[in-house]
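Breakdown of the fold
Here is how the chains run, residue by residue.
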Amino acid sequence: MALIRKHSQVYSTVVIVFNIIAVTLAWLFAYLTRFELELFSPAIRTPGEIMYLYSLLPIWLVFYASSRILGHSQLLKRHTPTSEYFSILQLTSLSVLILTAGTFFYRDFSYSRIMTVYFWIFCNMFLLFSHQLVRLFIKEAHRRGFGLHKVLVIGSGELGQRVVQRLNMYPEIGFTVVGYLTRNPESVGSDIEGGKVLGLYEDLNRTIKEHDVSQIFIALPLNAHDRLQGILASLEEETVDIKLVPDLLSYLDLHSGIEDLDGMPLINLTESPLYGWNILVKRASDIFLSGIAILITLPLMFLIAIVVKLGSRGPLLYKQERMGLDRDIFIMYKFRSMKIGAENQTGPVWAKEDDDRRTSVGSFLRSTSLDELPQLFNVLMGQMSLVGPRPERPVFVEQFKKSIPFYMHRLKMKAGLTGWAQVNGWRGNTSLEKRIEFDLYYINNWSLLFDIKILFLTIWKGLINRHAY
């Protein structure tokens with residue numbers, strides 16, 4: 001995103017300026033509506049009315065801080081009007097909430113509560129309008145040539161087309177693709193993703209002059225990099241900016257990116273998000289929340305233990321080997337829901353609907369996920385986390401890693417009691433590929449807030465599931 005941030009500075013500045021104007025107008029209109037129009041009730045004028053004018057300074061500061069927190073002034077991908085409105089609604093609601101809370105500590109200023117409601121309404125209206133003006137302003141500036149960068153992509157294959165797709169997500173940065181160059185003469189003149197194939201690699205210098213190109217993106221496949229030196233030699237006499245796109249996009253997955261080792265660039269292909277303070281934060285939250293959960297559910301676990309023991313002969317808990325973080329094997333605990341020796345004849349198999357191996361209370365425990373409660377102790381001991389990819393048995397891991405791409409990337413995160421796949425319905429006897437997709441999304445986008453969201457969703461809709469056999 002460094003390229004996007006660098007070329008979106010003008011856009012971000014314009015957004016901030018227009019936001020300040022919009023918020024100022026919203027405050028002015030709210031004041032006039034309350035004290036001049038007096039729509040619903042007469043307004044009581046006070047000697048402190050000049051404070052409404054002075055209040056603009058903290059209002060500007062709060063809105064600016066909120067926009068930075070929410071990334072509101074940063075360049076966003078192309079989105080729908082509905083998503084943009086909700087983004088503005090989020091900004092205004094957070095800002096007004098902070099301002100309202102701040103007045104609790106400043107008792108000398110008695111303000112109109114109705115005016116605050118007016119202000120929130122006008123903010124949403126004016127900010128939505130100001131964003132449309134920003135787009136028109138930037139579009140007109142680009143039409144006049146200000147901040148416009150004409151891009152030529154060398155390489156018309158999948159890599160080059162993906163470059164164009166990503167550039168087109170951010171029209172405000174002013175990158176406009178004039179076309180592609182290719183090594184295949186038969187492709188010249190054809191229209192592909194976001195542009196036209198203008199010529200061959202040998203036409204590079206001519207194309208730059210004809211189309212006034214200022215940016216070159218070299219996006220060659222690995223098998224065509226033998227031509228790279230020739231292309232770079234052709235560009236020695238040009239003044240264009242040159243960017244080389246390595247053909248590694250298909251490999252970049254788990255927190256991948258470019259890193260620096262004392263000046264040496266490194267392409268990081270896979271990495272766990274748990275490093276540094278992230279490890280301590282996740283572990284501390286696991287200890288704290290699992291401890292509270294154990295205290296809350298202890299009476300329920302005691303009741304379940306009695307029902308399990310009375311329901312069938314055998315041990316109270318079912319212990320099973322599972323594979324966790326970095327292939328570590330641990331013993332996972334569950335309330336026993338199957339009959340003794342359930343796998344003596346079948347061997348290791350997944351549970352299925354109407355499984356006759358279950359005990360009389362086993363169906364209820366599994367359908368409500370109450371059999372999983374002892375895993376809170378696995379979390380407390382550090383073998384599992386509250387949130388993460390569900391742990392699998394080693395025998396199944398050996399099967400799946402050979403047939404499902406990136407399956408082993410799940411083991412870069414500590415196994416969880418619940419997960420992003422589970423709260424989205426991918427649990428039990430469902431598509432394993434979809435589960436892996438959701439697990440990898442969770443790992444790529446991990447944050448403490450994401451964990452909290454998943455925990456809330458688990459309580460809200462994830463405990464009872466028709467696929468939990």
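Residues numbered from 1 in each chain as written. Predicted model: local features only at pLDDT ≥ 70, side-chain atom pairs only at ≥ 80, totals over all residues. Heavy atoms only, no water.

The element strand E1 (residues 149–154) is extensively covered by neighbouring structure, given that five of its six residues are classed as buried. Here E1 runs beside strand E2 (residues 175–182); their pairing, made up of six bridges, is parallel. From the neighbouring strand, Val 151 faces E2, where its bridge partner is Val 177. Each parallel crossover has a hand, and the one from E1 via helix H7 (residues 158–168) to E2 is right-handed. Two elements, E1 and strand E5 (residues 215–218), share four bridges in a ladder whose sense is parallel. Counterpart to Val 153 in the pairing with E5 is Phe 217. (Buried < 20%, exposed > 50% of the residue type's maximum accessible area, 1.4 Å probe, protein only. Helix = DSSP H or I, 4+ residues; strand = E, 2+ residues; numbered from the N terminus. Pairing = 2+ DSSP bridges. Right-handed = clockwise from strand over helix to strand, strands pointing away.)

Bringing the sheet that holds E5 into the picture now. Across a sheet, paired strands are connected by hydrogen bonds in the backbone, their directions being either parallel or antiparallel. Across the sheet, six strands lie side by side as E3-E4-E2-E1-E5-E6; this open sheet has mixed pairing. The strands lining the two open edges of the sheet, one partner per strand, are strand E3 (191–192) and strand E6 (241–244). Packing against the sheet, H7 makes contact with E1, E2, E3 and E5, and its axis sits at approximately 175° to E2. Here helix H8 (residues 204–211) sits on the sheet and contacts E1, E2, strand E4 (195–200) and E5; the angle it forms with E1, its principal contact strand, is near 160°. (Contact = heavy atoms within 4.5 Å. Axes fitted to C-alpha atoms, helices over the stretch in contact; angles between N-to-C directions.)

Right, let's talk about the environment of Arg 143 for a bit. Mapped onto the secondary structure, Arg 143 falls in helix H6 (residues 113–143). Exposure remark for Arg 143: the relative accessible area of 60% places this residue in the exposed category. Separated by 31 residues in the primary sequence, Arg 143 and Gly 174 place their C-alpha atoms 9.7 Å from one another.

A separate point is unusual backbone geometry. In the Ramachandran plot, Arg 327 falls in the positive-phi region, its phi being about 70° despite a non-glycine side chain. If you trace the backbone, Arg 327 turns up in the loop between strand E9 (317–323) and strand E10 (329–335). By relative accessible area, which is 45% here, Arg 327 ends up partly exposed. A positive phi angle, close to 65°, is found at Ser 369, a residue other than glycine. Among the structural elements, Ser 369 can be located in the loop between helix H11 (362–367) and helix H12 (375–380). A relative accessible area of 11% places Ser 369 in the buried class.

Purely geometric numbers; function is a separate question.
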